[in-house]
Amino acid sequence: MKKIIIFGATGNVGSYVLKYTLEYFKGRFEIIASGRRETDFFTKRGIPYFSVDMSKPEDFDKLPQDDVYAVVDLAATIPSYMNGYHPEQYVRSNIMGSYNLLEYCRKVKVDRILFSTTVFDISLYAKPGVVLKPDLPYNFSYKGDHAVYVITKNTMREFLKHYYEEYGLKYFVFRFPTIYNYSPYQYYHPNGVKKLRPVYQMIDNAIKGAPIELWGDPNYSKDMVHVYDCAQELCKAIEVNRDYGVYNVGTGIPVTLKEQIEAIIDVFSPADHKSEIVYCPEKPVGGGFLMDITNAKEELGYEPKYDVHKLFENYKEEMKINRFAELRNIKD
C-alpha cells in the first residue's frame with residue numbers, strides 16, 4: 001500500500017491533521033506519523049510512528065524506503081512557541097531539517113511534498129479589509145522576532161522549486177494564518193514572552209459568565225480557519241492531478257471581533273448567566289488576516305465546512321475529550 005508520512009504529527013496542528021487524514025483516506029493509504037519526540041501515543045492506537053530529528057540526515061534511515069507517495073511537512077520551529085529569541089533554531093529546523101527531508105524524498109522517489117509556510121511572508125500587505133491573494137510576492141518586515149523565521153520558510157520554497165525542476169518532485173505550498181483548534185497548552189510566546197492566548201481568556205470568561213472585553217473596532221475582521229478545514233485542504237492536494245501549487249489556508253469568510261465573541265458566548269456561557277461584551281475601542285487590536293482561497297477551491301476542490309460557531313462547538317467537544325493531552329507538555 002502507498003504511504004503518506006506526516007512530519008510534525010505530535011504538534012498542535014499536526015496531531016489533528018493526522019486524525020483527519022486517517023479518516024479521510026480510510027485505508028486507501030497507509031498513514032505514518034513522525035515527530036521529534038519519543039512517544040508511544042500513536043503506536044498504542046495502531047498508527048506507525050517514527051521519532052525523527054530532521055536536522056540529522058541519518059535519522060531518515062529509520063523511515064520507510066519504498067512506496068512513499070506523499071510527505072506532509074508540518075514540522076517547524078515557530079515564533080509562537082519559542083521561549084526567548086534563538087534564531088539559529090529556525091535555521092537548523094526550517095532550513096537544514098526541511099532540506100534533509102527533501103533529500104529523503106529524492107532518494108526514495110516520493111511523488112509529492114506538501115509544505116506549510118507562514119502568512120507573515122506577505123504580512124505587510126495586510127490592512128483592515130484587505131484580502132490576501134495566494135500569488136502575492138513576498139512583502140514582510142526584516143525586523144522583529146518573525147524575520148528570520150520568514151526568511152527560513154522562504155528559503156525552503158526556493159528549494160522546492162529546484163527539486164521539482166531537477167528531480168520532478170511535485171510540491172504544494174500552504175500559507176498558514178492562525179489555525180484554530182483546541183489545545184490544553186493555551187499559551188504562546190510573542191517576542192519570546194509567555195502569554196495566555198486571548199481566545200482562551202475569552203472562553204474562560206464565557207464559561208464563568210464574566211464580562212469579555214472587545215478591544216478596538218468591533219467590525220475588525222479576520223479569517224478564522226478550523227484545523228479540520230486546513231486538513232481537508234491538505235488532503236485534497238494529496239489527491240489532485242497537478243504538479244505544484246501555492247495556496248492560502250482559510251475559509252474566505254471574514255469574521256468580525258464582535259461575531260467571534262458572540263459565538264464564544266453562545267457556545268460557552270451558561271444559558272442563565274451570559275457574558276456581556278465590554279467595548280474597549282481605545283485598546284489596540286490587530287494580527288488578523290483575510291485569505292483568498294479561490295485557487296484552492298478551483299484547483300483542489302476544497303470547500304470549507306467550519307463557520308465560527310461550528311469552530312467553537314468543536315473546541316467545546318475537544319475540551320471534554322482532551323484527546324491529545326498526552327502529547328502536550330503543559331508544564332512549559
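The preceding data block contains the structure.
Below, the structure is looked at part by part. (Residues numbered from 1 in each chain as written. Predicted model: local features only at pLDDT ≥ 70, side-chain atom pairs only at ≥ 80, totals over all residues. Heavy atoms only, no water.)

## Here's the deal with the overall build of the protein
Then, number 1: Along the backbone of the protein there are eight helices and 17 strands.
Then, number 2: The C-alpha radius of gyration computed for the protein amounts to 20 Å, which stays within 12% of the reference 20 Å derived for 332 residues, consistent with globular compactness.
Then, number 3: Looking at the protein as a whole, 53% of its 332 residues qualify as buried.
Then, number 4: Counting every atom, the protein has about 15300 Å² of accessible surface; 51% of that belongs to carbon and sulfur.
Then, number 5: Here the protein contributes 42 positive and 44 negative side-chain charges, whose respective centroids are spaced 2 Å apart. (Helix = DSSP H or I, 4+ residues; strand = E, 2+ residues; numbered from the N terminus. Rg over C-alpha atoms; globule rule 2.2 N^0.38 Å. Buried < 20%, exposed > 50% of the residue type's maximum accessible area, 1.4 Å probe, protein only. Areas by Shrake-Rupley, 256 points an atom, 1.4 Å probe, with all protein chains shown as cover. Lys, Arg positive; Asp, Glu negative; His and termini not counted. Charge placed at Lys NZ, Arg CZ, Asp CG, Glu CD.)

## Overview of the state of the cysteines
Then, number 1: Under the criterion given, the structure shown has zero disulfides.
Then, number 2: Summary of cysteine pairing: Cys 105 is not part of a disulfide, and the nearest cysteine sulfur, belonging to Cys 235, is at 17 Å.
Then, number 3: The closest cysteine sulfur to the non-disulfide-bonded Cys 235 is located on Cys 230, 9.5 Å from its own sulfur.
Then, number 4: Accessibility expressed as a relative area gives 0% for Cys 235, which makes it buried. (Disulfide = S-S within 2.5 Å.)

## Notes on a negative patch on the surface
Then, number 1: Together, Asp 266, Asp 307, Glu 313 and Glu 317 make up a negatively charged patch on the protein surface.
Then, number 2: According to the relative accessible area criterion, Asp 266 is partly exposed, its value standing at 46%. (Patch = residues over 30% accessible without salt bridge, like charges linked within 9 Å, V, L, I, M, F, W, Y side chains within 5 Å. Salt bridge = Lys/Arg side-chain N within 4 Å of Asp/Glu carboxyl O.)

## What to know about unusual backbone geometry
Then, number 1: Residues other than glycine seldom take positive phi values, yet Asp 67 does so here, at roughly 60°.
Then, number 2: In this fold, Asp 67 is placed in the loop between β3 (49–51) and β4 (68–73).
Then, number 3: Although it is not a glycine, Lys 109 sits at a positive phi angle of roughly 60°.
Then, number 4: Structurally, Lys 109 is set in the loop between α2 (87–108) and β5 (112–118).
Then, number 5: With a relative accessible area of 69%, Lys 109 lands in the exposed category.

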